[in-house]
Every structure is written in C-alpha cells, then in structure tokens.
Amino acid sequence: MIISPKVRGFICINAHPQGCAANVQQQIEYIKSKGPYADGPKNVLIVGSSTGYGLASRITAVFGYGANTLGVFFEKPPTERKTASAGYYNAVALDQAANAAGLYAKSVNGDAFSTGCKEKVIEEIKANMGKIDLVVYSLASPRRQDPVSGDVYTSTLKPIGHSYTAKDLNTDTQRVGEITVEPANDEEIASTVKVMGGEDWQLWIDALVKADVLADGVKTVAYTYLGEKLTWPIYGQATIGKAKEDLDHAAGELCEQLSGLNGSAHVCVLKAVVTQASSAIPVMPLYLSILFKVMQAEGTHEGCIEQLQRLFTECLYSDNPRVDDANRFRVDELELNPDVQTKVEVIWSQVTTENLHELSDFSLYQTEFLRLFGFGVEGIDYEAETMPLVEANFL
Ligand code: NAD
C-alpha cells in the first residue's frame, strides 16, 4: 500500500515503517558522531523505550556506551491492511541495529504498569542479561490500570484552582485562537498523580530490588518538564505538575532504598520537544513553534537525541553533573535561558493567525511532528508500495 500520513487532531494514526527506521538511524548517527564516550552504562532497562525521550535514551546507551538494553513499551502491531504504531517500527529498527552491532537488545511489548510485565522483564534479565546498572523510566500514558485493585485511572491536563485562558494554535487549521481549560477537581488531580506520578517507578524498582537484579552502583532516572511562566498554568502548576512533584518525592525515597546498593535515583529536567505526549498538551504546539524560532536563531535548538546525549555526558555519567537544589539533573538550561524566555514571551503576545509563519517556526513543528511517525524523512520514497507488516521478535 501507499502509506501517507493520516493526521487526526494532535495524533497521526498511522506510521511509515521505513521512515521510522530512517529516523532511528539518524539518531544513531548523531550519537556516534559525538563519541568517544567515557565510562557509562553496560546493562540498561528502559521503560517507555519506543518513542520520544525513552527511545533517545536507549539509542544513547547502545551507540554511545555499547550497552546491552532491554526496552519496554506498549505499541500497536501491524496487520496486512493497517500500519503499526510508530514506536513498534522504531523498536524493530533499534533492536536490529543493536544486534547488528553485536549487542544484546530485546524488547517487551506490554503494559508496563502490570505486574505480569514486570515479571517477564525480570525473567529475561535473569536469563540473559546479568545485573542492571541503569533503569530509565520514561513512560507517558493517558491511563493506568492499578495492578492490585484493577481500577483504571486517567490523567488529565488541566489547571488547578481556577480556569486558564490562553492563546492556542489549532494545528489542523493553523489558526491562532484562544482556549479556556476548566480547573481539575480533586479526583482528576489524584488520578493524574496515579498515572504520571512516581508510584509505578517505585513499583519497578521494588520488583527489581526484590529479584536481586540491580548491580552495585545502579542508577535510575525519570523525566520531567518544569518550563517557565507561559507553560506553568497548564504544566508546572497544573495536574501534570502535581504528578511530577510526586516523581520528585519518589526519587528521594528511591535514593534511600538504593543506598544499600550504593545506587542513586534522579529526576531529570528535560526541555520541551515535539513528541506524541507533548503534542496532546494545550498551548504546547504554539509555545514550541515560537521556541523553535528563538532557539534556532540562538543556535541552541535541540530535539530528544541532543538532550539525551547531553544528559548522559553532562549529568548522568559526569564527575561534575549539573544538579539543582532539589537534586534534579538539569538539561533544560538553554530553554530556560532568561533571554530566550523573554523573546518567546514577546512573540507570544504578538503572534496571530496572520503572522504565525513569520513570528514562529510552525513549519519546523509540523515537520518534527510528522517525523515522529516516519513521514517527511529524507531518502524515503513515499510514493512506493510499502508493506506495513514488519517482523518483530518482541517478548
Ligand atoms: P512519548 O509519548 O514519546 O513516549 C512514551 C513511551 O511510553 C512510549 O515508549 C510508549 O510506548 C510508552 N508507554 C505508554 N504507556 C505504556 C504502558 N502502559 N506500558 C508500556 N509502555 C507504555 O513521550 P515522551 O514525551 O518521550 O515522554 C517521556 C517522559 O519524558 C515523560 O515522563 C514526560 O513527562 C517527560 N518529558 C517530556 C517532555 C516533552 O516535551 N515531550 C519534556 C520533558 C519531560
């Protein structure tokens, strides 16, 4: 079939297998071009490894440090008539590239929140990996089923305390309008914390400690976004921000729990980038389009792979990591540069439908969005007949 993008609002419901593979390969080349790397991880578990920041983490571990990796994700497989989700194709491409480089790389396609998935991962680690020295927790999910009660919780992206009205970009019509988001109630706040907070990260580490599969000196990281004034009402000080506070709390407890293994747990603050998760957040597409314009002019534009390359080399495996007073690794300093933020705020106040392309880089936003699904990637013939079925050896 001919595979062209089917965009529905903030999501694209199909993906291009070769485009996704080429995207993964470009990230691999980037990481290789930045070598050589100092000592780093050797046996890595990445939960949420198929797209966005988790995928970039895995690529950095494999092609920067020569690590064996086990990835966990929840992706839709292909059928003869329907493509897989992008993360499925990404994971196939990454497993193949790592195996071709002579490294162990396996993937589990399942619900990371479930006990069964954790058991499967531990079984595989015991059978084929040896002890894990880095656990990356990079899940972004709209819902979570509690593994004990079976109750399903849904996360929401809402302000807390009062409604929030702001400029918003409709990415389909390219119109800059206004959006009002009503405040979350207590139940919605608690549910968002349940889905995107630290509980499941702690359950993973508990299970791994109990199974005795963590190495001495093990590190674990989870990712957060802090942002600035423009995004605080919908992110930092909103439902998702509450969940991320819970992540900070979990990191403190995990540090204590891992002290017997000389281990550590850190929340890492990363910059805003285009991913499937961030494109669903109101305000973000417009903020990102403006940020891209400003950071490109400054020569500091970065995507997932550039961020992760710096996280590993400047924080996680550095003798002199950039840590804030809440013990978080920081790689968002270029985005939060006061000069950058001031420029973004000025443009924010001026941007309209008419001057969108002049004042922001919405084209780059769109390009990066489509690339998430393997579209618009150089060297791919999108007119060619393409089989959606791609063989995977996922566990
Ligand atoms: P993403 O949507 O690209 O990736 C999410 C990953 O989680 C995928 O691998 C997906 O398969 C996996 N996943 C979702 N539900 C799952 C489940 N039930 N079981 C197993 N796997 C599941 O998201 P992302 O933007 O890379 O986000 C990763 C982390 O980074 C999140 O904690 C997010 O808050 C954080 N972060 C994102 C940004 C940003 O701008 N995108 C900025 C800073 C921090």
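Above: the structure in question.
These remarks concern the structure in this document.

About the cut-offs
Residues numbered from 1 in each chain as written. Predicted model: local features only at pLDDT ≥ 70, side-chain atom pairs only at ≥ 80, totals over all residues. Heavy atoms only, no water. Axes fitted to C-alpha atoms, helices over the stretch in contact; angles between N-to-C directions. Helix = DSSP H or I, 4+ residues; strand = E, 2+ residues; numbered from the N terminus. Parallel < 35°, antiparallel > 145°, perpendicular 65-115°, else oblique. Left-handed = near helix turned anticlockwise from the far one by under 90°. Contact = heavy atoms within 4.5 Å. Nonpolar A, V, L, I, M, F, W, Y, C, P; charged D, E, K, R; others polar. Pairing = 2+ DSSP bridges. Expected span 1.5 Å × (residues − 1). Buried < 20%, exposed > 50% of the residue type's maximum accessible area, 1.4 Å probe, protein only. Patch = residues over 30% accessible without salt bridge, like charges linked within 9 Å, V, L, I, M, F, W, Y side chains within 5 Å. Areas by Shrake-Rupley, 256 points an atom, 1.4 Å probe, with all protein chains shown as cover. Salt bridge = Lys/Arg side-chain N within 4 Å of Asp/Glu carboxyl O. Lys, Arg positive; Asp, Glu negative; His and termini not counted. Charge placed at Lys NZ, Arg CZ, Asp CG, Glu CD. Near = heavy atom within 4 Å. Polar contact = N/O pair within 3.5 Å; in protein donor to acceptor, adjacent residues only side chain to side chain. Core = buried A, V, L, I, M, F, W, Y, C linked by side-chain atoms within 4.5 Å. Phe/Tyr/Trp six-rings, centres within 6.5 Å; stacked < 30°, edge-to-face > 60°.

Thoughts on the packing of helix 1 (residues 17–33) against helix 2 (residues 52–65)
Running from N to C, helix 1 and helix 2 point in directions that differ by 50°, and their axes come no closer than 9 Å. In terms of axis orientation, helix 1 runs oblique to helix 2. Like other packed secondary-structure pairs, helix 1 and helix 2 cross with a definite hand, here right-handed. Here Val24, Gln27, Ile28, Ile31 and Lys32 of helix 1 lie close against helix 2, whose contacting residues are Leu55, Ala56, Ile59, Thr60, Phe63 and Gly64. Among the residues forming the contact of helix 1 with helix 2, the class breakdown is seven nonpolar, three polar and one charged.

Thoughts on the sheet that holds strand 13 (residues 329–330)
Remark on secondary structure: sheet strands pair via backbone hydrogen bonds, oriented parallel or antiparallel. The sheet built from seven strands is open, its strands ordered 5-4-3-6-11-12-13 with parallel pairing. For this open sheet the edge positions go to strand 5 (105–109) and strand 13, each flanked by a neighbour on one side alone. Relative to strand 11 (residues 214–224), strand 6 (residues 132–137) is paired through five bridges, and the arrangement is parallel. By the bridge assignment, Tyr137 is partnered in strand 11 with Ala222.

Examining helix 8 (residues 284–298)
The end-to-end C-alpha distance of helix 8, which contains 15 residues, comes to 20 Å, matching closely the 21 Å that a straight helix rising 1.5 Å per residue would cover. Within helix 8, eleven of the 15 residues are buried, which leaves the element mostly enclosed by the surrounding structure. Met284, Pro285, Leu286, Tyr287, Leu288, Ser289, Ile290, Leu291, Phe292, Val294 and Met295 are the residues of helix 8 that are buried. Tucked into the core, helix 8 has its buried residues touching strand 9 (164–170), strand 10 (175–181), helix 10 (338–350), helix 11 (356–359) and helix 12 (362–371).

Details of a positive patch on the surface
On the surface, a cluster of positive charge is contributed by Lys6, Arg8, Lys76, Arg81 and Lys82. Mapped onto the secondary structure, Lys6 falls in the segment before strand 1 (7–8). Among the residues examined, Lys6 registers a relative accessible area of 43% and is labelled partly exposed.

Section: the site of the ligand
In the neighbourhood of the ligand, 30 residues make up the surrounding shell, with Ser50, Tyr53, Ala112, Lys244 and Thr275 lying closest. A distance of 3.4 Å is found between an oxygen atom of the ligand and a backbone nitrogen or oxygen belonging to Ala277. Coverage of the ligand by the protein chains reaches 93% of its 840 Å² of free accessible surface. Mapped by element, the contributors of at least two residues to the shell around the ligand are helix 2 and strand 11. Across the shell around the ligand, the residue classes break down as 14 nonpolar, twelve polar and four charged.

Some remarks on the pattern of salt bridges
Should their charged atoms come close, side chains of opposite charge can pair. Tallied over the entire structure, the rule returns 21 salt bridges. Asp324 is the salt-bridge partner of Arg328, the closest N and O atoms lying 2.9 Å from each other. Like Asp324, Arg328 is buried. Among the ionic contacts, a cluster of salt bridges with common partners joins Asp248, Asp324, Arg328, Arg330 and Asp332.

Things to note about the nonpolar core
Counting 55 residues, the largest nonpolar core has Leu286, Tyr287, Ile290, Val344 and Phe373 as the members making the most contacts within it. Here this core gets nine residues from one element, more than from any other, and that element is helix 8. Beyond its immediate chain neighbours, meaning those up to four positions away, Tyr287 contacts Tyr225, Leu230, Thr231, Ala272, Glu335, Gln341, Val344 and Trp348. Residues Val44, Leu270, Phe312 and Cys315 belong to the second largest nonpolar core, which totals 38 residues.

Digging into helix 9 (residues 304–316)
The end-to-end C-alpha distance of helix 9 is 16 Å, clearly below the 18 Å that 13 residues give at a rise of 1.5 Å each. The element helix 9 is largely enclosed, with a buried count of ten among its 13 residues. Taken together, the buried positions of helix 9 are Cys304, Ile305, Gln307, Leu308, Gln309, Arg310, Leu311, Phe312, Cys315 and Leu316.

Re the environment of Gln27
With respect to the helices and strands, Gln27 occurs in helix 1. Among the residues examined, Gln27 registers a relative accessible area of 16% and is labelled buried. Remark: the alpha-carbon pair of Gln27 and Leu55, spanning 28 residues in sequence, is separated by 9.4 Å. Not counting residues up to four positions away in its chain, the partners in contact with Gln27 are Leu55, Ala56, Ile59 and Ile305.

So, unusual backbone geometry
For the bond from Gly35 to Pro36, the omega torsion is 0°, close enough to zero to count as cis. Mapped onto the elements of the fold, Pro36 is located in the loop between helix 1 and strand 3 (43–47). Its identity is not glycine, yet Asp212 carries a phi of approximately 60°, on the positive side. Locating Asp212 in the fold gives a position in the loop between helix 6 (199–210) and strand 11.

Section: the packing of helix 5 (residues 186–196) against helix 7 (residues 239–258)
Across the interface, helix 5 lies against helix 7 with an axial gap of 8 Å and an inter-helix angle of 50°. Comparing their axes, helix 7 and helix 5 come out oblique. In the packing of helix 5 onto helix 7, the handedness of the crossing is right-handed. Only Thr239, Ile240, Lys242, Ala243, Lys244, Asp246 and Leu247 of helix 7 make contact with helix 5, whose side of the interface consists of Ile189, Thr192, Val193 and Met196. Classifying every residue of the contact of helix 5 with helix 7 by side-chain character gives six nonpolar, two polar and three charged.

What about the packing of aromatic side chains?
As enumerated under the stated definition, the model contains 13 aromatic pairs in all. Taking the centre distance of 6.2 Å and the plane angle of 70° together, the rings of Tyr53 and Tyr223 count as edge-to-face. On the criterion of sequence distance, the pair formed by Tyr53 in helix 2 and Tyr223 in strand 11 is long-range, its members being 170 residues apart. Taking 5.6 Å as the distance between ring centres and 45° as the angle between the ring planes, the aromatic pair formed by Tyr65 and Tyr317 counts as tilted.

The values reported here are purely geometric and, on their own, carry no functional implication.
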